[in-house]
Number of protein chains: 2
Amino acid sequence: MDSTDIAKIAGVSRSTVSRVINNYANVPEQTREKVMKVIKEYNYVPHASARSLVKKKSQTIGLFIIDVHEKMHPGIYNNTYFSPFTASVIDYANRKNYFVLTFSVYRYDELRKVLDIFREGRVDAGIFIGVKNGEESLQKIINEGYKIAIVDYEITGIETAKNALVINADNEGGAYKATTYLIKNGHKSIAHIAGDLKKLSGIQRINGYRRALQEAGLEYKDELIFYGDFDAESGYKAAKEIANISPMPTAVFAANDSMAMGAMEAFKEDGIKIPDDISIVGFDDIELASYVHPPLTTVRVFLHKMAMLATNRIVDLIDSGTTNCHHDIVAVELVERASVRALR
Amino acid sequence: MDSTDIAKIAGVSRSTVSRVINNYANVPEQTREKVMKVIKEYNYVPHASARSLVKKKSQTIGLFIIDVHEKMHPGIYNNTYFSPFTASVIDYANRKNYFVLTFSVYRYDELRKVLDIFREGRVDAGIFIGVKNGEESLQKIINEGYKIAIVDYEITGIETAKNALVINADNEGGAYKATTYLIKNGHKSIAHIAGDLKKLSGIQRINGYRRALQEAGLEYKDELIFYGDFDAESGYKAAKEIANISPMPTAVFAANDSMAMGAMEAFKEDGIKIPDDISIVGFDDIELASYVHPPLTTVRVFLHKMAMLATNRIVDLIDSGTTNCHHDIVAVELVERASVRALR
DNA sequence: TTGTAAGCGTTATCAC
DNA sequence: GTGATAACGCTTACAA
């Protein structure tokens, strides 16, 4: 059942069918109804490929979840972290009549294949999350002029990036808040479990920690920084080391909740009580954070809001063609739970 | 940069370029190399729409997450439950060179739009999860002959469904195991918080509960059945009612973990200790289950395995064209944690 | 207002 | 082996 058939049955030409389908102004109500009746009757829908071939528009946006881990447990993809982001992107895109093609990238070399997806014309734009800062394959995509929105990223070479926009959480501010919160609670020796410093959020969070210390007149000590990778296991390892410091720091600021939870587990194993013996603050406020014991004090990131911004902005970019290169910074908020103790 | 350009530069015809791209046998190594060189040099990739137009194949499968709730908190999509399923589908599909178009359906009437996605030729096949049993819109899709795999569903009218396959967890067996486990632990008065009985899993789980009771010679009592909808809130409400029964049942089998956790919260509020005062078993083994206190004893469903089966089966169906209508039942396993107490 | 015809970028058929 | 040529199903000038 294609437009030719519909045209024949309705007694008009293919062009007229097309005009009706596309809601052209210059078709009289009478013919419109006549054609619509046949369209409804035969459940005619224009073929997507034929349409995008001529319109040069696929009406779909690509969602690229980059989830690379040092050691990959093959077959186990537990990136529940991206779940609210993904769900929101799909929802907002669908609302604006866009389809979403989702990809998971588990190794950086797979990112090269992503470029071809754009070249094939399979997507009109892309949304990226989880990319390490300055990633070469991504820069290539930007340089070829494809429209993309990136979460947790910093675009270099701004003049070439007329079609790239960026959405970040206020990582620096959040880390500052978290650390300051610990300081206000009387903590003076605060360790930091840093995240993956190849990611913008990793860098910004350690910076916020540092600034809070400095502004409070506390010394930033290298031996209190533990380099993780945002995974729980690295938080666990860091905590094992922290437990061996004497005197032990009274508090830990972890760059995300997963590492905070890994650390909690390690402390628990060693008989170190939270928050009695050590306080801990995380970042992200993932679903689990409120379920662990004690419930984790953390910095809430509004991933769904970031998804909304990314999607709406990129759709605007496609639809309007404007090269209004945005950089959004989404506010975060400290959520106090029970993993921090006030000293003295 | 299209095939015409490549052809011109390489000094051959479009047909030859096509033959090279598609790895046809009858092109000599020399021309192949000559053409490939140009293709590489100009990063030529065939246009997806043009290709699927003529091949009548989009090389993408649709993933439809049906997530309808009675009362929808607008804008908040917390379906972390589907996350491992989604991630696995995408991964397995990508491995077999398929793309995945994902949709979330939050209201049943939106399901009608899904049919058009098939008609548009946007997807070669679809995978559905979360549909209520016998859903009309889905039956329509099946009847029009589209290739689909459904999770948690029962296909009626088997002769018309040559292209539909089904993947289910062993819900009945799992519920039987869970209930029997409680019985073996000395429980005789076991309440059941049923799930959404419009879903196959809801029905099968209550059936397994019933069979376990019967085989143990225990009476199935209507007043011990509480009708929920798989959401935490309904579990919470059920527990509030259970707490008022006297004598209170010594155990509860909830048809999923969310309801079990809702129930735990309610019991906690009422000062009812788990497992001291009441034992509880859930179903699914979602990530949270091991983090709540006490850690929840539950029945593990291998969603990623079901995703793998669904994806591989549907890809086979597309590629081979065979109408080998499968019905898989994926085994489940009881995971003992700390929410059940042995009586006496 | 409507129809004819060209074109979107491929692949498939058929000669040569 | 390779190159015309005709589809694939649609939109869009252009003509009428």
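The structure presented is a predicted model; accordingly, all values stated were derived computationally and were not measured.

Caption draft 1: Representation of the relation of the copies chain B and chain A in the model. With an RMSD of 0.0 Å, the operation that places chain B on chain A is a rotation of 180° combined with a shift of 0.0 Å along the axis. Taken together, the turn and the small shift mark the pair as related by a two-fold rotation axis. Here 100% of the contact residues of chain B are again contact residues in chain A; the copies associate through an equivalent surface.

Caption draft 2: Molecular detail of the interface of chain B and chain A. The interface is formed by 41 residues belonging to chain B together with 41 residues belonging to chain A. At the boundary of chain B with chain A, total buried surface from both sides reaches about 4100 Å², with 58% on carbon and sulfur atoms. Together, B:Phe99, B:Glu120 and B:Arg122 form the three largest contributors to the area buried by chain B at its contact with chain A, with a combined 14%. Counting every contact that joins chain B to chain A gives zero salt bridges. For the interface between chain B and chain A, the tally reads 10 residue pairs in polar contact (both at pLDDT 80 or more). Contributing elements (two or more residues each) for the side of chain B that touches chain A: helix H4 (48-55), helix H5 (83-95), strand S2 (99-105) and helix H6 (111-119) of chain B. Within the side of chain B that touches chain A, the residues separate by chemical class into 18 nonpolar, 16 polar and seven charged. For strand S2 (residues 99-105) of chain A and S2(B), the ladder comprises two bridges, and the chain directions are antiparallel. Residue pairing for S2(B): A:Leu101 is matched across the bridge by B:Leu101.

Caption draft 3: Seen up close, the packing of aromatic side chains. Residues and elements named next belong to chain A. A complete count under the given rule lists 18 aromatic pairs over all chains for this structure. Geometrically, the ring pair formed by Phe64 and Phe103 is stacked, given 5.1 Å between the ring centres and 15° between the ring planes. Taken together, the residues Phe64 in strand S1 (residues 60-66) and Phe103 in strand S2 connect sequence positions 39 residues apart. Look at Phe64 and you get buried, because its relative accessible area is 0%. Taking the relative accessible area as the measure of exposure, Phe103 reaches 6% and is therefore buried.

Caption draft 4: Broad picture of the pattern of salt bridges. For the structure on display, the rule yields 34 salt bridges over all chains. Here B:Lys96 ties to B:Asp316 by a salt bridge, and the two come within 4.0 Å at their closest N and O atoms. One end of the pair, B:Lys96, is in the loop between H5 and S2; the other, B:Asp316, is in helix H12 (residues 303-320), with 220 residues separating them in the sequence. The class for B:Asp316 is partly exposed, based on a relative accessible area of 42%. Three or more residues joined by partner-sharing salt bridges are found here, namely A:Asp285, A:Arg300, A:Glu333 and A:Arg337.

Caption draft 5: Highlighting the protein's contact with DNA strand C. Taken together, 30 residues lie near DNA strand C, and A:Ser15, A:Thr16, A:Arg19, B:Ser18 and B:Tyr24 sit nearest. For DNA strand C, the fraction of atoms within 4 Å of the protein that belong to sugar or phosphate moieties is 63%. In the environment of DNA strand C, a phosphate oxygen lies 3.1 Å from a nitrogen or oxygen atom belonging to the side chain of B:Tyr44. A distance of 3.3 Å separates a phosphate oxygen of DNA strand C from a polar backbone atom of B:His47.

Caption draft 6: A look at the domain arrangement of chain A. Assigned domains within chain A: domain 1 (3-55), domain 2 (60-169 + 303-330) and domain 3 (171-301). Put simply, the middle of domain 1 of chain A and the middle of domain 3 of chain A, counted by C-alpha atoms, are 61 Å apart.

Caption draft 7: Up close: the side chain of A:Asn256. All names here are of chain A. Examined against the element boundaries, Asn256 turns out to sit in the loop between strand S8 (251-254) and helix H11 (257-269). Asn256 sits in the buried class, given a relative accessible area of 6%. Here Met259 takes part through its backbone nitrogen, which lies 2.9 Å from a polar atom of the side chain of Asn256. Once residues within four sequence positions are removed from consideration, Asn256 is found in contact with Arg205, Phe230, Gly282, Phe283 and Asp284.

Caption draft 8: Highlighting the sheet that holds strand S9 (residues 279-281) of chain B. Residues and elements named next belong to chain B. With parallel pairing, four strands are arranged side by side in an open sheet as S7-S6-S8-S9. The open sheet has two edge strands with one neighbour each: strand S7 (225-227) and S9. Strand-to-strand twist in this sheet, taken as the mean axis angle between neighbours without regard to direction, amounts to 20°. Running at roughly 170° to strand S8 (residues 251-254), helix H8 (residues 171-184) makes contact with strand S6 (190-194), S8 and S9 of the sheet. Running over the sheet, helix H10 (residues 232-242) touches S6, S7 and S8 and is turned about 155° from S6.

Cut-off values and rules
- Residues numbered from 1 in each chain as written.
- Chains lettered and ligands numbered in written order.
- Predicted model: local features only at pLDDT ≥ 70, side-chain atom pairs only at ≥ 80, totals over all residues.
- Heavy atoms only, no water.
- Least-squares fit on C-alpha atoms with pLDDT ≥ 70 in both.
- Contact = heavy atoms within 4.5 Å.
- Buried area = accessible area lost by both parts, 1.4 Å probe.
- Salt bridge = Lys/Arg side-chain N within 4 Å of Asp/Glu carboxyl O.
- Polar contact = N/O pair within 3.5 Å; in protein donor to acceptor, adjacent residues only side chain to side chain.
- Helix = DSSP H or I, 4+ residues; strand = E, 2+ residues; numbered from the N terminus.
- Nonpolar A, V, L, I, M, F, W, Y, C, P; charged D, E, K, R; others polar.
- Pairing = 2+ DSSP bridges.
- Phe/Tyr/Trp six-rings, centres within 6.5 Å; stacked < 30°, edge-to-face > 60°.
- Buried < 20%, exposed > 50% of the residue type's maximum accessible area, 1.4 Å probe, protein only.
- Near = heavy atom within 4 Å.
- Domains from an automatic or database assignment.
- Axes fitted to C-alpha atoms, helices over the stretch in contact; angles between N-to-C directions.

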